[in-house]
Amino acid sequence: MPKVMYLEAGEIVGTHGVRGEVRVQPWCDSPEQLCKMKTLYWDENGTKPVKVRARVHKNIALVTLDGVQTVEQAQALRGKMLFAHRDDFRLPEDRYFVRDLQGLSVIDADSGETYGTLTDVSQTGANAVYHVQTANGEVLIPAVPLIIKEVDIDGGVIRITPIGGLFDDEN
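Keep in mind it's a predicted model, so treat the numbers as computed, not measured.

Comments concerning the overall build of the protein
Working step 1: Per the secondary structure count, the protein includes 3 helices and 12 strands.
Working step 2: Overall size of the protein, expressed as C-alpha extent along the three principal axes, is 60 × 30 × 25 Å.
Working step 3: In the protein, 49% of the contacts between residues at least 6 apart in sequence involve partners at least 24 apart.
Working step 4: By element, 46% of the accessible surface of the protein is carried by carbon and sulfur atoms, the whole surface being about 10,000 Å².
Working step 5: Here the protein contributes 18 positive and 25 negative side-chain charges, whose respective centroids are spaced 14 Å apart.

Things to note about the packing of aromatic side chains
Working step 1: By the definition in use, this model includes 2 aromatic pairs.
Working step 2: Both rings, one in Y6 and one in Y41, keep their centres 4.9 Å apart while their planes meet at 70 degrees; by these two values the pair is edge-to-face. Linking Y6 in strand β1 (residues 6-16) with Y41 in strand β3 (residues 39-41), this pair joins segments that are 35 residues apart in sequence.
Working step 3: Given a relative accessible area of 17%, Y6 falls into the buried group.
Working step 4: Classification of Y41 by relative accessible area gives buried; the value is 12%.
Working step 5: Considering the side-chain rings of F89 and F97, the 5.8 Å spacing of their centres and the 70 degrees angle between planes classify their relative orientation as edge-to-face.

A look at the confidence of the model for the protein
Keep in mind that low pLDDT regions are not for reading the predicted coordinates in detail.
Working step 1: Considering every residue of the protein, the mean pLDDT works out to 90; 96% of them sit at 70 or more.
Working step 2: When mean pLDDT is compared element by element in the protein, strand β12 (residues 157-160) scores highest at 97, while helix α1 (residues 31-35) scores lowest at 89.

Here we look at the sheet that holds strand β11 (residues 148-152)
Working step 1: Taking strand neighbours across the sheet as the criterion, the 6 strands line up as β10-β9-β8-β7-β12-β11 in an open arrangement whose pairing is mixed. At either end of the open sheet lies a strand with only one pairing partner, and these are β10 (137-142) and β11. For this sheet the average axis-to-axis angle between neighbouring strands, irrespective of direction, equals 35 degrees.
Working step 2: Where strand β7 (residues 105-108) lies against strand β8 (residues 114-123), 3 bridges are found, and the strand directions are antiparallel.

Some details on the pairing of strand β6 (residues 81-85)
Working step 1: For β6, a buried count of 5 out of 5 residues is recorded, marking the element as mostly surrounded by other parts of the structure.
Working step 2: In β6, alternate side chains face the same way, and those of M81, F83 and H85 on one face and L82 and A84 on the other are all buried.
Working step 3: Where β1 and β6 come together, 5 bridges link them in antiparallel fashion. What sits directly across from E8, in β6, is F83.

A word on the layout of surface pockets
Working step 1: Estimated volume of the largest pocket: approximately 1,100 Å³.
Working step 2: Only β1, α3 (98-101), β8, β9 (128-134) and β11 provide two or more residues apiece to the lining of the largest pocket.
Working step 3: Here the lining of the largest pocket is composed, by residue class, of 21 nonpolar, 4 polar and 9 charged.

Here's the deal with unusual backbone geometry
Working step 1: The phi angle at K58 is positive, at roughly 60 degrees, despite the residue not being glycine.
Working step 2: Assignment of secondary structure puts K58 in the loop between β4 (49-57) and β5 (60-65).

Looking at the environment of A61
Working step 1: Among the structural elements, A61 can be located in strand β5.
Working step 2: Residues A61 and Q102, spaced 41 residues apart in sequence, show a C-alpha to C-alpha distance of 26 Å.
Working step 3: Excluding residues within four positions of it along the chain, A61 makes contact with V22, R23, V24, P31, L34, C35 and R55.

Section: the pairing of β10
Working step 1: Sheet topology places β9 next to β10; 6 bridges connect them, and they run antiparallel. The partner of V132 across the bridge, within β10, is V139.
Working step 2: In this antiparallel pair of consecutive strands, β9 and β10, the connection spans 2 residues.

What counts and how
- Residues numbered from 1 in each chain as written.
- Predicted model: local features only at pLDDT ≥ 70, side-chain atom pairs only at ≥ 80, totals over all residues.
- Heavy atoms only, no water.
- Helix = DSSP H or I, 4+ residues; strand = E, 2+ residues; numbered from the N terminus.
- Contact = heavy atoms within 4.5 Å.
- Areas by Shrake-Rupley, 256 points an atom, 1.4 Å probe, with all protein chains shown as cover.
- Lys, Arg positive; Asp, Glu negative; His and termini not counted.
- Charge placed at Lys NZ, Arg CZ, Asp CG, Glu CD.
- Phe/Tyr/Trp six-rings, centres within 6.5 Å; stacked < 30°, edge-to-face > 60°.
- Buried < 20%, exposed > 50% of the residue type's maximum accessible area, 1.4 Å probe, protein only.
- pLDDT = per-residue confidence, 0-100.
- Pairing = 2+ DSSP bridges.
- Axes fitted to C-alpha atoms, helices over the stretch in contact; angles between N-to-C directions.
- 1 Å grid on protein atoms, 1.4 Å probe; cavity = no way out; pocket = protein on both sides within 12 Å on 5 of 7 lines; lining within 4 Å.
- Points joined across faces, edges and corners; volume = space filled by probe spheres on them.
- Nonpolar A, V, L, I, M, F, W, Y, C, P; charged D, E, K, R; others polar.

In structure tokens:
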């Protein structure tokens, strides 16, 4: 599966002040991570770059976008998504973009049995939770080393060792 080069970085949720600054809800790990960006993109193809300056304000980023100078211009952008190039992010080892995990097959590390497909990831504070669509519905899997044995993005699989009761009541 080819990697998407431009990822959703945040959504413009409102304005700040009268000089065209916008409030951006980050879709990345934190507003601090978004504020490190110097260029964002108006589209998922990276054909429309925009220079940005940003600062953290509570749990959002206050962003100045080149070409946006009035509150009216900023208000017109409400609901618009901003994208970032994946190479502008530095991920620690064993961290992945949610976009890259979606669609991976979840299989048993020992038996090779396929449980389903990863559809989403939730953050709980303590650890991430993988949403896996199985033949019997959605199963939530804690993304902890005890269970997640290998994430192979290129191979398209996540190998797990499920704990008892995760997929059935008999284990």
